[in-house]
Amino acid sequence: MRKRVDMSAKILVVDDEPGVRDMLCDALSIAGYEPTAANDGFAAHLLLRDYKFDLIITDINMPVMDGYELLERLRTAGDTTPAILLTARGERADVARGLKLGADDYVTKPFGLEELTLRVAAILRRTQGSVATEVEAVVLSVGSVTLDEDAHLVTVDGASVDLSPTEFKLLHELMKRPNKVVTKNQLLDAVWDMGFANNASVVDTYISYLRKKVHVGGFEGIKTVRGIGFQIVGDV
């Protein structure tokens, strides 16, 4: 059973092109959301000081303050509002930079409105929370890594590890299946709520982030199974 999406969710649209802003706001309104527009990162930053949004959709290339700087300022200040980056850049390094700064997803221009609204719904489903439909272990342990789902806490050898919501969810999906291989498509569906194969690189990117944070104290349990996916093992 899928999580329900709050169709009154408030979404901040940030783009310096009026035509793009209007198109996105119209599409989101038709889909039942409540969009607010800002014409650059600085204007968006001011809005975010006074108002709470459920999601940010922001272009990267903008005057005054671009999407990277906006995202970096928000995350540095502890603002974890989910964000989708709009980018005309096809370079993987640009996408990786946005994800590393804390973006939840990205869409490359030109894009289809249907695809974008599907991605919006997917992010809102995994960030708004819902009642679980099946009983799962509250505390999971694999090797020296322990994950407490209720406390949203991960420790390695007893030391707390700071993970983003997406990193936490990815680790959770691996730890629910210790020593078993989880395919990229399974992770895309479970963590990002989409199984699009052409987005598989986002899994590789977040796996690398996880390894940097939990591969400490001799633990190196997150393994790549070439051509298939990943697994976490306790005895390495």
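Per chain, residue numbering runs from 1 following the sequence as it is written. Only residues with pLDDT of 70 or above have their local features reported here, since the model is predicted, and side-chain atom pairs are shown and tallied only from 80 upward, although totals for entire chains, interfaces and linings are computed over all residues. As a convention, hydrogens and water are excluded, and side-chain values are obtained from all of the structure's heavy atoms.

Chemist: Can you explain the environment of G67? Please cite residues and give values.
Modeler: What counts as a helix is a DSSP run of H or I of at least four residues, what counts as a strand is a run of E of at least two, and both are numbered from the N terminus. Within the secondary structure, G67 sits in helix α3 (residues 67-76). Exposure remark for G67: the relative accessible area of 0% places this residue in the buried category. Put simply, G67 and F42 are 25 residues apart on the chain and 9.5 Å apart in space, counted from C-alpha to C-alpha. Filtering out sequence-adjacent residues up to four positions away, G67 remains in contact with T58, D59, I60 and M62. Note on exposure labels: buried denotes an accessible area under 20% of the residue type's maximum, exposed denotes more than 50%, and partly exposed covers the range between, all computed with a 1.4 Å probe on protein chains only. Whether two residues are in contact is decided by their heavy atoms: any pair within 4.5 Å suffices.

Chemist: Go over the packing of helix α6 (residues 165-175) against helix α8 (residues 201-214) with me, naming the residues and quoting the values.
Modeler: Only the stretch in contact is used when fitting a helix axis, every axis being a line fitted to C-alpha atoms; angles between N-to-C directions are given from 0 to 180 degrees. Taken N-terminus to C-terminus, the directions of α6 and α8 make an angle of 85 degrees; their axes are 10 Å apart at the nearest point. The angle between the axes of α6 and α8 places the two elements in the roughly perpendicular class. Across the interface between the two elements, T166, E167, L170, L171 and L174 of α6 pack against Y206, I207, Y209, L210, K213 and V214 of α8. Polar here means any residue other than Ala, Val, Leu, Ile, Met, Phe, Trp, Tyr, Cys and Pro, which are nonpolar, and Asp, Glu, Lys and Arg, which are charged; Gly is therefore polar. By residue class, the composition of the contact of α6 with α8 is eight nonpolar, one polar and two charged. What sets the label is the angle itself: under 35 degrees gives roughly parallel, over 145 gives roughly antiparallel, 65 to 115 gives roughly perpendicular, and the rest give oblique.

Chemist: Give a description of the packing of α6 against helix α7 (residues 184-191) that names residues and reports values.
Modeler: At a closest axis distance of 10 Å, the pairing of α6 and α7 adopts a crossing angle of 130 degrees. One element, α6, and the other, α7, form an angle in the oblique class. The crossing of α6 and α7 is right-handed. Of the residues in α7, those touching α6 at T166, K169, L170, E173 and L174 are L187, A190 and V191. By convention, the crossing between two helices is left-handed when the near helix turns anticlockwise from the far helix through less than a right angle, and right-handed when the turn is clockwise.

Chemist: I'd like a description of the packing of aromatic side chains, backed by residues and values.
Modeler: Note on aromatic pairs: the rings of Phe, Tyr and Trp (six-membered ring only in Trp) are paired at centre separations within 6.5 Å, and the planes decide the class, stacked below 30 degrees, edge-to-face beyond 60, tilted for the rest. Counted under the stated rule, the structure contains two aromatic pairs. Three or more aromatic residues link up through ring pairs in this structure, and these residues are W192, Y206 and Y209. Lysine and arginine charges are scored as sitting over a ring when NZ or CZ, respectively, is within 6 Å of the ring centre and within 35 degrees of the ring normal. One cation-aromatic arrangement involves R97 over Y68; the distance from NZ or CZ to the ring centre is 3.9 Å.

Chemist: I'd love a proper account of the confidence of the model for the protein chain, names of residues and values included.
Modeler: Taken over all residues, the pLDDT of the protein chain has a mean of 84, while the share at 70 or more is 88%. Strand β1 (residues 10-14) holds the highest mean pLDDT among the elements of the protein chain, 96, whereas helix α4 (residues 92-101) holds the lowest, 80. What pLDDT reports is the predictor's confidence in each residue, on a scale of 0 through 100. In the model, residues 1-6 has pLDDT below 50 throughout and makes 15 contacts with residues more than four positions away in sequence or in other chains. Throughout residues 130-137 the model reports pLDDT below 50, and contacts reaching past four residues in sequence, or to other chains, amount to five contacts.

Chemist: Account for the layout of surface pockets, naming residues and giving values.
Modeler: A cavity, in this analysis, means grid points on a 1 Å lattice covering only the protein atoms where a 1.4 Å probe fits yet has no way out; a pocket is instead an open set bounded by protein on both sides within 12 Å along at least five of seven lines, and a residue lines either one if it has an atom within 4 Å of a point. Grid points are joined across faces, edges and corners, and a volume is the space filled by probe spheres set on the points. The space that makes up the second largest pocket amounts to roughly 650 Å³. For the second largest pocket, the lining is made up of 28 residues, of which R75, T80, G102, S164 and P165 are closest to its centre. Mapped by element, the contributors of at least two residues to the lining of the second largest pocket are α4, α5 (113-128), α6 and α8. Take the lining of the second largest pocket: its biggest share by element is four residues, from α8. Its residues assigned to classes, the lining of the second largest pocket shows 10 nonpolar, eight polar and 10 charged.

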